Amino acid sequence: MSMALSDRPSADAFEAAGHLERMNRDGYTIIEDFLDPATLRAVREGLAPHFGTHRGRNPFEGLTTERVYTLVARGKVFEDITEDPRLLALLDAFLAPGYLLSASHAICIYPGEAQQDMHFDDSFYPMPRPRGAMGVTMICAIDDFTAENGGTAIHPGSHLWGDVKAELAKAGPPISLEMPAGACAVWPGTLVHGAGANRSDAPRRAFTNQYCPPWGRQQENYFLGVPQEMARAMSPRVQALLGYQMNGSIMGQVTGRHPLRALVEGFEPSVAREPRAV
Ligand SMILES: O=C(O)CCC(=O)C(=O)O
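Residues numbered from 1 in each chain as written. Predicted model: local features only at pLDDT ≥ 70, side-chain atom pairs only at ≥ 80, totals over all residues. Heavy atoms only, no water.

Caption draft 1: Representation of the site of the ligand within the structure. If you check the shell around the ligand, you find Phe60, Arg67, Ile107, Gln116, His119, Asp121, Ile139, Thr152, His193, Ala195 and Arg204 and nothing else. At a separation of 2.8 Å, an oxygen atom of the ligand approaches a polar side-chain atom of arginine 67. A distance of 2.6 Å is found between an oxygen atom of the ligand and a side-chain nitrogen or oxygen belonging to threonine 152. The fraction of the free accessible surface of the ligand (290 Å²) that becomes covered by protein chains is 93%. A per-class count over the shell around the ligand returns four nonpolar, four polar and three charged. (Near = heavy atom within 4 Å. Polar contact = N/O pair within 3.5 Å; in protein donor to acceptor, adjacent residues only side chain to side chain. Areas by Shrake-Rupley, 256 points an atom, 1.4 Å probe, with all protein chains shown as cover. Nonpolar A, V, L, I, M, F, W, Y, C, P; charged D, E, K, R; others polar.)

Caption draft 2: Broad picture of the sheet that holds strand E6 (residues 175-176). One open sheet holds the three strands; their spatial order is E6-E5-E8, and the pairing between them is antiparallel. The open sheet has two edge strands with one neighbour each: E6 and strand E8 (193-194). One ladder, built from two bridges, connects strand E5 (residues 153-154) with E6; its direction is antiparallel. Paired with alanine 153 across the strands is serine 176, a residue of E6. (Pairing = 2+ DSSP bridges. Helix = DSSP H or I, 4+ residues; strand = E, 2+ residues; numbered from the N terminus.)

Caption draft 3: Local environment of helix H1 (residues 16-26). All of the buried residues in H1 are Ala16, His19, Leu20 and Met23. Taken end-on, H1 shows its buried residues confined to a sector of 100 degrees, consistent with a single buried face. Facing away from the buried side of H1 by over 90 degrees, the exposed positions are Ala17 and Glu21. In this structure, the buried side of H1 is in contact with strand E1 (29-31), helix H4 (85-94), strand E4 (136-141) and strand E7 (184-188). Directly beyond the C-terminal end of H1, a positive phi value near 90 degrees is found at glycine 27. (Buried < 20%, exposed > 50% of the residue type's maximum accessible area, 1.4 Å probe, protein only. Arc of directions from axis to C-beta. Contact = heavy atoms within 4.5 Å.)

Laid out in C-alpha cells, this is it:
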C-alpha cells in the first residue's frame, strides 16, 4: 500500500532549521513523526515476507541480525520514503546537488545480538578527519528503539572527532538512541555509532537509507541490483538517486549519452551492435 499523492508528507510545515542545528551540534537529529501509522503498517507488511530467512555473514552485519538489501526496489512505500521531502531538505544542506542513494536496507536485530563495532558511515571515503560529511544516514524505527532492544549506540558530538580510534579510547560509554516506531534519526556520515546489543526478548526492526555525494561510489550497485523495468517505473527523482543522472557533463555517461537512455524500453548498449575487434 502506498500513500495517495495528496497524503504525501511535504517539506512546507517541516522545521528543517532545528534539525540541521542539532545535526551540526550533536551529530544527529530525530524526526519523531516521520512515518504516519498507515505508512508504518505498509513498511511492516512490505518487509514481512523478507524477514526470517537468513542471518548476517560476519560480526559487522551481525551474526544474529538479518539484513534485507536493496530495499528501495522492494515496494512503492520504500521508493516514496527515499525521496521524502523532509529528508531531502536535510540532505540538501549537507550534500552537493545530484547526491545519490548509496545504501537502502532493513535491519532486524534478534535477541542475543552483541553490540556492533563502533564506526562511521562514510569511512570508505578515505579523506582524513576532522572533515565535513561525505554521506548522510537516515535510520527509521519499525519497532520502538530502546536501550534494551538494540537502539543504536551513538557518541553525540563524535561527528567532529579527528582520530576516531584515539577518541573512542578516552570516550565514556555511548548513549542509546531511543525513539518510537515510525520515528527516524538522521546523522552526517561522520557520526560514530553502532547497532546496540539486543538484550530484550523481541527483535528490533529498522530500515536505513544512506546517501552519498554525486561523485562518490555507491555502496550498492543499483544498475545491477534493480531490474531496469522496475527502475523505469520509478519517479524521476528516485531514478536520479539510483544513479540515472549525470554529474556535470561527463560522470555517469553511457557510451557518451545520458544514462536515462538506458531506461528506454528495448535499450541495447550500442557496443552490442557495433563492430568489435577480435
Ligand atoms: O541498526 C543500527 O542501529 C545501526 C546499524 C549500523 O550502523 C550499520 O549497520 O552500519
